[in-house]
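The primary structure of each chain is shown beneath.
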Amino acid sequence: MSDAKDQLDRYVRQIRFAPLGEAGQRRLLASRALICGCGALGTVLANTLARAGVGKLRLVDRDFIELNNLQRQVLFDEQDIANNLPKTVAAANKLRAINSAIEIEPIVADVDHRNILALCDGVDIILDGTDNFETRFLLNDVAMKLGIPWVYGGCLGAEGQTMTILPGETPCLRCLMPEPPPAGATPTCDTAGIVGPVINVIASIESLEAIKILSGHREAIQRALFTIDLWDNRVRQVKLDALSDRSACPACSQREFPWLDGQRGSHTAVLCGRNAVQLTQPDGQRLSLDALATKLAGVGQVSRNAFLLRLSVDDCVLTVFPDGRAIVAGTDDIAAARTLYAKYIGN
Ligand SMILES: [Zn+2]
């Protein structure tokens with residue numbers, strides 16, 4: 001598939017869409033996107049943009065795949081679960097089979113203030129496939145600081161919303177919402193559940209906003225907060241005119257970026273919708289999964305592959321990644337999870 005004509009042939013229906021044309025397609029092929037989160041929204045974003053021919057997709061996600069993900073996370077299947085694959089690795093395998101002519105870069109990591117600048121290196125757009133406001137405020141900070149367009153998206157139940165942010169031109173997430181909603185104040189996918197179709201709608205809108213921006217058509221983006229309730233059949237476009245002066249926004253006006261500076265946000269967290277806790281380690285120390293597997297043989301049931309090690313012990317399952325990060329399933333008590341980690345993995 002290296003022949004230049006073949007490369008454009010696969011996009012012929014998209015090229016025929018007049019506002020894009022061949023020039024727009026060539027721009028897409030030369031562009032790079034960061035997809036933050038490779039779950040429900042992220043897999044639809046990656047699937048759509050790989051097929052559309054965005055030249056490089058960098059996927060980042062901290063998690064592995066569970067059975068209850070398959071209801072809505074369109075790039076995964078039962079074999080990926082049997083293989084204990086991290087989400088971005090499984091997604092990259094599928095995407096390469098869909099489009100071998102573009103570059104896919106899967107990264108298994110928790111997005112935080114220490115790695116976000118490196119993750120954004122060289123990208124033309126940031127797409128929100130996350131499930132939490134802490135990460136979204138970090139994305140807003142880095143996008144505003146570096147001047148990279150980003151598209152916010154979120155879903156819960158049968159409702160979803162999305163907003164496109166062009167730094168310096170349109171209101172940002174903090175213009176809309178100065179602070180993240182306090183923990184526990186809003187429903188989560190744990191309490192409200194989620195239906196698959198709303199994710200496809202919101203991620204599809206995010207994808208086309210990305211295609212507009214990457215193909216050079218910023219004039220076509222949606223300059224409103226788009227919200228939809230697919231169960232009650234309601235669609236709204238909330239005008240952002242009242243926010244357009246942006247002078248009261250700490251990010252737009254004062255250029256304060258506390259999530260990026262590391263003053264806000266903590267990534268040791270109880271994971272949404274799971275009886276699980278994520279523990280992160282201070283600074284990029286690498287663990288040898290081989291050495292750990294040897295150490296833990298006899299402690300509990302251990303399995304491992306190139307990407308992670310899993311230990312079942314004391315009614316919990318610890319999944320450990322080479323960067324020292326762990327997801328402890330079977331508890332939502334952070335202290336209990338830390339105790340297990342200290343006992344079996346080390347400090
Ligand atoms: Zn702002």
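A brief look at the structure comes next. This is a predicted model, so every value here is computed, not measured. (Residues numbered from 1 in each chain as written. Predicted model: local features only at pLDDT ≥ 70, side-chain atom pairs only at ≥ 80, totals over all residues. Heavy atoms only, no water.)

**Some words on the pattern of salt bridges**
No. 1: The tally for this structure, following the rule as stated, stands at 19 salt bridges.
No. 2: Among the salt bridges present, the one from Glu103 reaches Lys56, with a minimum N-O distance of 3.5 Å. A residue pair is termed long-range when its members are at least 10 positions apart, and Glu103 in strand 3 (residues 103-108) and Lys56 in strand 2 (residues 56-61) qualify at 47 residues.
No. 3: Between Asp112 and Arg114 there is a salt bridge, and its shortest N-O distance comes to 2.7 Å.
No. 4: Overlapping salt bridges bring together Lys56, Arg58, Glu103 and Glu105 as one network. (Salt bridge = Lys/Arg side-chain N within 4 Å of Asp/Glu carboxyl O. Helix = DSSP H or I, 4+ residues; strand = E, 2+ residues; numbered from the N terminus.)

**Notes on the coordination of the zinc ion**
No. 1: Taken together, the protein donors to the zinc ion comprise Cys172 (SG), Cys175 (SG), Cys249 (SG) and Cys252 (SG), at separations of 2.3 to 2.4 Å.
No. 2: Around the zinc ion sit four donor atoms; with metal-centred angles ranging over 102 to 119 degrees, the donor geometry is tetrahedral.
No. 3: Here the donor residues of the zinc ion share one chain and are spaced in sequence as C-x2-C-x73-C-x2-C. Placement of Cys175 in helix 9 (residues 173-176) and of Cys252 in the loop between strand 8 (234-239) and helix 12 (258-261) is noted, with a sequence separation of 77 residues between them. Pair check on accessibility: Cys175 and Cys252 agree, each one buried. (Donors = N, O, S within 2.8 Å, 3.2 Å for Na, K, Ca; no water. Tetrahedral: all angles 85-135°; square planar, octahedral: opposite > 155°, others 65-115°. Buried < 20%, exposed > 50% of the residue type's maximum accessible area, 1.4 Å probe, protein only.)

**Brief notes about the packing of helix 4 (residues 40-52) against helix 11 (residues 196-214)**
No. 1: Packing of helix 4 against helix 11 leaves a shortest axis separation of 9 Å and a crossing angle of 45 degrees. The orientation of helix 4 relative to helix 11 falls into the category oblique. At the point where helix 4 passes helix 11, the crossing takes the right-handed sense. For the pair helix 4 and helix 11, the contacting residues are Ala40, Leu41, Val44, Leu45, Thr48, Leu49 and Ala52 in the first and Ile199, Asn200, Ile202, Ala203, Ser204, Glu206, Ser207, Ala210 and Ile211 in the second.
No. 2: By residue class, the composition of the contact of helix 4 with helix 11 is 11 nonpolar, four polar and one charged. (Axes fitted to C-alpha atoms, helices over the stretch in contact; angles between N-to-C directions. Parallel < 35°, antiparallel > 145°, perpendicular 65-115°, else oblique. Left-handed = near helix turned anticlockwise from the far one by under 90°. Contact = heavy atoms within 4.5 Å. Nonpolar A, V, L, I, M, F, W, Y, C, P; charged D, E, K, R; others polar.)

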